[in-house]
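# Breakdown of the fold
In case you want the letters, here they are:
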Amino acid sequence: MKLLKKLIAALALVPVLALASEGGFPLERAPDRTKDLVSLQNGAKLFVNYCLNCHSAAAMRYNRLRDIGLTEDQIKNNLLFTGDKVGDLMKVSLTAKDAKEWFGAAPPDLSVIARAKASEAGSGADYLYTYMRTFYKDDSRPTGWNNMVFPNVGMPHALWELQGVRSAKFVEQKDPHEEGKTVHAFAGFEQVKPGKMSTLEYDNAMADLVGYLEWMAEPVQNTRKQLGVWVLLFMGLLVVLAWRLNASYWKDVK
């Protein structure tokens, strides 16, 4: 019985430990935009304009954007800027050597980032949605920026012009785990310089961007889910037929 109690207590701590591993900042649930074509198109535009300068998406081709309602002409005229072809992969010209010199590490490929960041603390979309909305000015960092979800992040705030410049407020609180010790607790953000978007507009834009990243990680996910429903219904029908056939077969035997 004691062993069972210890096991239950250990399992109860798993979500807490997972949250602590992400910097201890709670993740906000990301709106589901994977079925909204207009939202996905705006997310693709934001991704190409703000993310694809440093981060690649080497598992995705530009022409796959036709699946979210874009034509080849729209892709060429609005999303291709460096002479790439519609059938090319979403790669960047930034070399790993230059990236490591400028940022301290090569920016990760974002093809499946929305799946890679999933944890007990939340989905990958939740992580990215919270991450993109919790940058703040920090002059102690080499880039001048920090992040609540990813403390001491090496990435600068690429969308600061849209969100504006914010500082983070911290207050001294007693450490609940150690008597006589105090910790810096997050108390909110303070807008230092306004951006091109309001808070609501920026949050909505990040929902679009995250929705696109979630779609890009598995473009056929909606089809897969629809097929899954039909497969389950078909299997349920087979179970009913097998059950009735079994009852009919054993009726005379009994």
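What counts and how
- Residues numbered from 1 in each chain as written.
- Predicted model: local features only at pLDDT ≥ 70, side-chain atom pairs only at ≥ 80, totals over all residues.
- Heavy atoms only, no water.
- Disulfide = S-S within 2.5 Å.
- Buried < 20%, exposed > 50% of the residue type's maximum accessible area, 1.4 Å probe, protein only.
- Salt bridge = Lys/Arg side-chain N within 4 Å of Asp/Glu carboxyl O.
- Helix = DSSP H or I, 4+ residues; strand = E, 2+ residues; numbered from the N terminus.
- Axes fitted to C-alpha atoms, helices over the stretch in contact; angles between N-to-C directions.
- Left-handed = near helix turned anticlockwise from the far one by under 90°.
- Contact = heavy atoms within 4.5 Å.
- Nonpolar A, V, L, I, M, F, W, Y, C, P; charged D, E, K, R; others polar.

Turning to the state of the cysteines, a few remarks are in order. This model, assessed by the stated rule, comprises zero disulfides. The thiol of Cys-51 is not disulfide-bonded; the next cysteine sulfur, from Cys-54, is found 9.3 Å away. Take Cys-54: its relative accessible area is 30%, and that puts it in the partly exposed class.

Right, let's get into the pattern of salt bridges. Tallied over the entire structure, the rule returns six salt bridges. Here Arg-33 makes a salt bridge to Asp-208, at a shortest N to O gap of 2.5 Å. Taken together, the residues Arg-33 in the loop between helix H1 (2-21) and helix H2 (37-51) and Asp-208 in helix H8 (residues 199-217) connect sequence positions 175 residues apart. Residue classification places Arg-33 among the buried residues on the basis of a relative accessible area of 17%. Among the salt bridges present, the one from Arg-133 reaches Asp-203, with a minimum N-O distance of 2.9 Å. Linking Arg-133 in the loop between helix H6 (124-131) and strand S3 (135-137) with Asp-203 in helix H8, this pair joins segments that are 70 residues apart in sequence.

On to the packing of H6 against H8. Remark: H6 packs on H8, axes separated minimally by 9 Å, with the N-to-C direction vectors making an angle of 145°. Read as a crossing pair, H6 and H8 show a hand that is right-handed. Of H8, the residues touching H6 (which contributes Ala-125, Leu-128 and Tyr-129) are Asp-203, Met-206, Ala-207, Val-210, Leu-213 and Glu-214. When its residues are assigned to classes, the contact of H6 with H8 shows seven nonpolar, no polar and two charged.

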